[in-house]
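Take a look at the letters that make up each chain.
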Amino acid sequence: MGTIPSETIEQIAAANDIVEVIGSYFPLKRAGANYKALCPFHQEKTPSFTVSPGRQTFHCFGCGVGGSVFRFVMDYEHVDFPSAVRKLAARVGITVVETSRGGAAEEDQQREARRLLLKLHAEAAEWFHNNLMKAQFAAPARDYLEQRGINRQIIKNWQLGFAPDRWDALLKWALDRGYTRPQLLQSGLVKLRDESDTRSEIYDRFRGRIMFPIHNDVGEVIAFSGRLLKDEEGAAKYLNSPETPLFRKGNVLFGLHKSKRALIEANSAIVCEGQIDLISLFEAGITNVVAPQGTAFTENQARILKRFVDEVVLCFDSDTAGAKAAERSLDALLQNDLIVRVVELPRGEDPDSLVRREGKEKFENRVTSAQDFFDYWIEREMQATDVSSLGAKLQLARRLAETISRVHDSLMRGEVVNKASARLGVSPADFGTLLSTRPRGTASSEAPESAHAQAGPRPRHDIAMLCLLALRDEAARSFLLAQNWRETLEQVPDAEILIRILQSELHPDDPASLSAFMASLSPGEEALVSAWLLQKVPADAETMVEKWWLGIRHAMLRRRLAAAQNRIKLPELSTGDIVNLQKQILDLTQELHQLPKLSSATKIDS
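Overview of the structure.

Calculation notes
- Residues numbered from 1 in each chain as written.
- Predicted model: local features only at pLDDT ≥ 70, side-chain atom pairs only at ≥ 80, totals over all residues.
- Heavy atoms only, no water.
- Helix = DSSP H or I, 4+ residues; strand = E, 2+ residues; numbered from the N terminus.
- Buried < 20%, exposed > 50% of the residue type's maximum accessible area, 1.4 Å probe, protein only.
- Contact = heavy atoms within 4.5 Å.
- Areas by Shrake-Rupley, 256 points an atom, 1.4 Å probe, with all protein chains shown as cover.
- Pairing = 2+ DSSP bridges.
- Axes fitted to C-alpha atoms, helices over the stretch in contact; angles between N-to-C directions.
- Polar contact = N/O pair within 3.5 Å; in protein donor to acceptor, adjacent residues only side chain to side chain.
- Parallel < 35°, antiparallel > 145°, perpendicular 65-115°, else oblique.
- Left-handed = near helix turned anticlockwise from the far one by under 90°.
- Salt bridge = Lys/Arg side-chain N within 4 Å of Asp/Glu carboxyl O.
- Expected span 1.5 Å × (residues − 1).
- Arc of directions from axis to C-beta.

As for the overall build of the chain
Counting its regular elements, the chain contains 27 helices and 17 strands. Here the chain holds 606 residues, and 49% of them are scored as buried. A separation of at least 24 residues holds for 67% of the contacts in the chain among residues at least 6 apart in sequence. Accessible area for the chain stands at about 29400 Å²; split by element, carbon and sulfur atoms hold 49% of it.

So this is what it looks like as C-alpha cells:
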C-alpha cells in the first residue's frame, strides 16, 4: 500500500473541527475554553474527558488517553490510521491520494481498481434499493418484508434492495453507466455462463432476490447477500457475493459497521445466524449484535470481534443445524480467549420471530440468563450418548477432552474439566489425562492489541517542561532550534520525545500541523502530548525555556566531566590517552565556567 502525504493529513485535520467530530458521537458540554464529557473509554461518574477547540486535541485526565482527531476516530471506531484518515476525509469531501513507495505503478493500478469496485458496489446498492422502494415489480418483496416486520423506514436504515428476476437487468444498467465487462466480473455481480470460457456470455448473479448490502467496518459496501423471495428447487435460499478483492467472507461480520460502538459499551456480542435476525434485534433496540457470513465463526472473524468484546452470546436457531453451527464456531472463539454463552431458543423460533413476539425486555432476559457454552454442550452430548455403554462413554470423554483442550485460559480450563468429569462420573485427574498438553492454536495465537493505550511514562521534569514549551510557544521552540540541541539531547536520558518534537515540522500556533505530528506518534506518546497541550504555558516562556535548557546543558557537561575524571584514574592508560583526557577535562571545565550561573529553580543534579 502507498502512504498518505503529510500535507493531505494536515489538510484533513484543518477541515475537521474536533469538537464537531466528537460531538457527532456523543454530547459535549462547554467548560470555559474547553468542552467536557464522560469519557467513552472508561467508566466514570465525573467528566474528565476534555476537548480543546484551540489545540484541536482531546485528553482524558482519568484514564490518560488522548490525541488528535485522528486518534479519537481510531480508538472510538476501532479502525487503523489510514481508515480514520479516509473517514474524516470523506466527512469533509477531501480526496485522499496515496503516494506509492518507489513509484510502483502496480500499486496505483490496484488502488484505482479498488476505488472503482467500491464505487460500483455503492451505486449498485443504491440501484437495488431504489428498485425495492419504487418499482412495481418489487411489490411482492415489499409485502414479504412487511410480513416479517420490516417496514419502509427499516428498509431505508439498512439500504435493503431488490434484484429483478431477469438475466441482465443489472448488467445493462452497469454497462450503461460505463462499467466494463472485466470490472463487472471482478465485482462478482455478474458471472460467466460457462466458467471454463472467459469469453462466454455473462449474466446477473442475483435475480429475484431481496438484497442485503454487506459493509466493511468503516461502512463501505463491499458485497451483497441475496435472499430468494420464493423457494425454488435446487436454488439456495441465501446467495452471497463470491470472494473478490474487496470481500473475503471469513473476514467480515454483517452489521459491524452499525453495532461496534454498542459492542464496546456492552463488552458482549450477541451473534445470530441471519441478516433478518440481526436487523430485527437491532431495530428492537438490542444493538450489540453481529452475524457471520455463513453459519460458523472463522478465526479472523473471532479476532476482529475480540477487538470489541470479551464475551460472545451465540443465538443460533434451536434446530440441529443451529447447534452444529454453535459447535463449529467454538474453536475460533476459544482460540481468541472469548467467553462463550448460548441462548437456547424455543423449538421453531429464531431471534427475529422471538423478539417480535416477546419484545425487547424478554429477549434481553434470555440473553442475561444464557448458559455457559460448556454447560449447554456437555448436557446435549450426555443426552445423545448411552453412557451405560463403556465404549460410548469413552468416545464421549475423548470428544469432550478434544474440545476442552482448545481452551487457553487455565482457570476456565480447570472449571470445564471439573464440569465434564463430574457429568461423566470420573475423577478430574483421570479426565485430565485425555487433554492435549497445549491448547490448539497456542503456538500461533497472539495477544490482541488494546484499542487504545494510556499515556506512556512521563519523562523527567526538565524534559517535560521543554516539551511543553516547544509544543505551545513559537518563541521557545525557535530558541531551542537555535541551540546545538541534537548533540546535547542525544546524551540526555528520557529525551527521545523532545527530539521528536524538535525535528518535526510542527508549528505551535497551527493545530493542523500539531495533529499531523501527533499522527506520527505511538498511542502512548500521543496521549502524553495531548496532556501537555492542555496545560497552561508559563507567562515568561522565553525566560523559562532558557533556564531549563541551561540546566540540561549544565547537567550534561557535569556528567561528561565526571566520566572523564574517573577514566583518567584508570591504570595502564597510554600517554596519548592521558593527554586527550586532560584536554577534554580542561575544555569541559572551561565550558562549564562560561555558562551562566544556575538559579535554584532550574538546578539539576547530575
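Details of the sheet that holds strand β10 (residues 221–228)
Reading across from one edge, β6-β9-β10-β11 is the order of the 4 strands in this open sheet, with antiparallel pairing throughout. Pairing within the sheet leaves two strands with one partner each, and these edge strands are β6 (161–163) and β11 (238–240). Taking the axes of each pair of neighbouring strands and ignoring which way they run, one obtains an average angle of 35° across the sheet. Alignment of β6 against strand β9 (residues 209–215), held across 3 bridges, turns out to be antiparallel.

A look at the side chain of Glu311
As for its position among the elements, Glu311 is in strand β15 (residues 311–314). Owing to a relative accessible area of 17%, Glu311 belongs among the buried residues under this scheme. Reaching out from Glu311, the side chain makes a polar contact with the side chain of Ser268 at a distance of 2.8 Å. In this view, Glu311 contacts Asn267, Ser268, Ala269, Leu338, Ile339 and Arg341; residues no more than four positions away in its chain are not counted.

Regarding the sheet that holds strand β5 (residues 66–67)
Pairing in this open sheet of 5 strands is antiparallel, and the strands run β1-β2-β3-β4-β5 from one edge to the other. For this open sheet the edge positions go to β1 (29–31) and β5, each flanked by a neighbour on one side alone. Across 3 bridges, β1 lies against strand β2 (residues 34–37) in antiparallel orientation. Note that in β2 the partner of Arg30 across the bridge is Tyr35.

A few points about the packing of helix α1 (residues 6–15) against helix α4 (residues 81–92)
As a packed pair, α1 and α4 sit with axes 9 Å apart at the nearest point and diverge in direction by 55°. The angle between the axes of α1 and α4 places the two elements in the oblique class. Of the two elements, α1 crosses α4, and the hand of that crossing is left-handed. Note on element contacts: α4 touches α1 through Phe81, Val85, Leu88, Ala89 and Val92, opposite Ile9, Ile12 and Ala15.

Observations regarding the pattern of salt bridges
Inspection of every chain in the model, using the stated rule, returns 27 salt bridges. With a shortest N-O distance of 3.1 Å, Glu123 and Lys119 are connected by a salt bridge. Here the residue Glu123 and the residue Lys119 both occupy positions in helix α5 (residues 105–134), the gap between them amounting to 4 residues, near one helical turn. Among the residues examined, Glu123 registers a relative accessible area of 19% and is labelled buried. Among the residues examined, Lys119 registers a relative accessible area of 38% and is labelled partly exposed. Here Arg341 makes a salt bridge to Glu311, at a shortest N to O gap of 3.0 Å. Of this pair, Arg341 sits in strand β16 (residues 339–342) while Glu311 sits in strand β15, and the two are 30 residues apart along the sequence. Among the ionic contacts, a cluster of salt bridges with common partners joins Glu349, Arg357, Glu358 and Arg366.

Topic: the environment of Ala90
Position of Ala90 relative to the elements: it lies in helix α4. The class for Ala90 is exposed, based on a relative accessible area of 60%. Linking Ala90 and Ile12, residues 78 residues apart in sequence, is a C-alpha distance of 9.4 Å.

Some remarks on helix α18 (residues 410–424)
Taking 1.5 Å of rise per residue, 15 residues should cover 21 Å, and α18 covers 21 Å from first to last C-alpha, within 8% of that figure. Three or more residues of α18 are buried, namely Arg413, Val416, Val417, Ala420, Ser421 and Leu424. For α18, the arc enclosing every buried residue in end-on projection is 130°, short of the 170-degree limit, so these residues lie on one face. Relative to its buried face, α18 has exposed residues pointing more than 90 degrees away, namely Leu411 and Ala422. In the core, the buried residues of α18 are packed alongside α16 (373–383), α17 (390–404) and α19 (428–432). Just beyond α18, the residue with positive phi is Gly425, at close to 80°.

Concerning the environment of Glu123
In sequence terms Glu123 and Ala174 are 51 residues apart; their C-alpha atoms lie 9.1 Å from each other. When sequence neighbours within four positions are dropped, the list of residues in contact with Glu123 reads Trp173, Arg177 and Tyr179. One polar contact links Glu123 to Arg177, side chain to side chain, over a distance of 3.1 Å.

Points about the pairing of β10
The buried fraction of β10 is high, at 8 of 8 residues. The sheet contact formed by β9 and β10 spans 7 bridges and is antiparallel. Each bridged residue has a counterpart across the sheet, and for Met211 the counterpart in β10 is Gly226. Taking the residues between adjacent antiparallel strands as the criterion, β9 and β10 are bridged by 5 residues, where Gly219 takes a positive phi near 95°. For β10 and β11, the ladder comprises 3 bridges, and the chain directions are antiparallel. Within the sheet, the bridge partner assigned to Ser225 lies in β11 and is Asn240.

With respect to the pairing of strand β13 (residues 268–271)
Where burial is concerned, the two faces of β13 agree: the one with Ser268 and Ile270 and the one with Ala269 and Val271 are both buried. Examined bridge by bridge, β13 and β15 share 4 bridges and lie parallel to one another. In the sheet register, Ile270 faces β15, and the bridge partner there is Val313. Bridge count for β13 against strand β14 (residues 289–292) is 2 bridges, and the pairing is parallel. By the bridge assignment for β14, Val271 is matched with Val290.

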